[in-house]
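Given next are the chains, with one letter for each unit.
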Amino acid sequence: MSSEAHRQVHRRAHRDGKERDPTFYPVEKKMGEDSLQTWIVELLRPLIERWYGELGRPRFVGADQFIYYRQFDPSKVVAPDVYVLPGVPPGRRVRSWKVWETGIAPSFALEVVSSDEPYKDYVDAPERYRELGVRELVIFDPDWEKGRDRVRWQRYRRLKTRGFVRVETTNVDRIHARVLGCWLRVIGAGEEARLRLATGPEGEDLFPTTAEAERAAKEAALERVAVLEAQIASAARASGKGPADRG
């Protein structure tokens, strides 16, 4: 449907005094996805959600839902690989998101460059995210070495004086995401490439996954038990009692 047709639908809806929106907004993608994109998203999305939880500022962190940003025009849509909705609690069910219904646009979005249509993410995506009103967009290209005009990372920011502009490009393994307040860092290479969160002045410390955090907590607990047992044994020796003499 053309833009003029959308405007006519809009005018008719208002003229008829109807509250309903007759526009059809799809909620599912009809195309396949690169498995590498899926693996990256499956690891990163819950990491960002946990990160905000650790900060005491829980956020809804979604992946691959359609986000519509202009009513009556379903062509004005993005489907970020990962995105953050400020002020929306985690756990909310989102089939698609319509910005005009809540006034909330994503504060952060990540796009993993498609292996089938790489230049869509280089050319089309920034303009759509500008229209959407996102504060920060990070584009990660896992296959950046396949073209001289490709780059591993791009970061776009919404600036007061310049609008939505690209503020950084780099081929190093990490980039600082200002909205997230941490680093995005590549771990592994090729088909093993994954994105992790990292902290520290230079992104030197990886933010743990749930499994890593649980394992570290268990190891710390075992270490505390070992220290306590050593202290008890030392106190027993100092008092002249061995373990067999107690009780």
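Everything numeric here is computed off the predicted structure, so don't read it as measured data.

### Re helix H2 (residues 35-54)
Line of reasoning, step 1. Counted at 1.5 Å a residue, the expected span for H2 with its 20 residues is 28 Å, and the 29 Å between its end C-alpha atoms agrees.
Line of reasoning, step 2. All of the buried residues along H2 are Leu36, Gln37, Ile40, Val41, Leu44, Leu47, Ile48, Trp51 and Tyr52.
Line of reasoning, step 3. Of the surrounding elements, those touching the buried residues of H2 are strand E1 (60-62), strand E4 (82-85), strand E6 (108-112), strand E7 (136-140), strand E11 (182-187) and strand E12 (194-199).
Line of reasoning, step 4. Near the N-terminus of H2, the side chain that reaches the backbone nitrogen of Leu36, with its oxygen 2.9 Å away, is that of Asp34.
Line of reasoning, step 5. Gly56 sits one or two residues past H2 and shows a positive phi near 80°.

### With respect to the environment of Asp124
Line of reasoning, step 1. Residue placement: Asp124 occurs in helix H4 (residues 118-132).
Line of reasoning, step 2. Only 3.0 Å separates the side chain of Asp124 from the side chain of Arg128, close enough to count as a polar contact.

### Digging into the pattern of salt bridges
Line of reasoning, step 1. Counted according to the given criterion, the structure contains 11 salt bridges.
Line of reasoning, step 2. Between Asp121 and Lys120 there is a salt bridge, with its nearest N and O atoms 3.2 Å apart.
Line of reasoning, step 3. In this structure, Arg155 engages Glu136 in a salt bridge whose closest nitrogen and oxygen atoms are separated by 2.8 Å. You can see Arg155 sitting in strand E8 (residues 153-159) and its partner Glu136 sitting in strand E7, a full 19 residues away along the chain. Here Arg155 and Glu136 have matching classes, each one buried.

Cut-offs and rules
- Residues numbered from 1 in each chain as written.
- Predicted model: local features only at pLDDT ≥ 70, side-chain atom pairs only at ≥ 80, totals over all residues.
- Heavy atoms only, no water.
- Helix = DSSP H or I, 4+ residues; strand = E, 2+ residues; numbered from the N terminus.
- Expected span 1.5 Å × (residues − 1).
- Buried < 20%, exposed > 50% of the residue type's maximum accessible area, 1.4 Å probe, protein only.
- Contact = heavy atoms within 4.5 Å.
- Polar contact = N/O pair within 3.5 Å; in protein donor to acceptor, adjacent residues only side chain to side chain.
- Salt bridge = Lys/Arg side-chain N within 4 Å of Asp/Glu carboxyl O.

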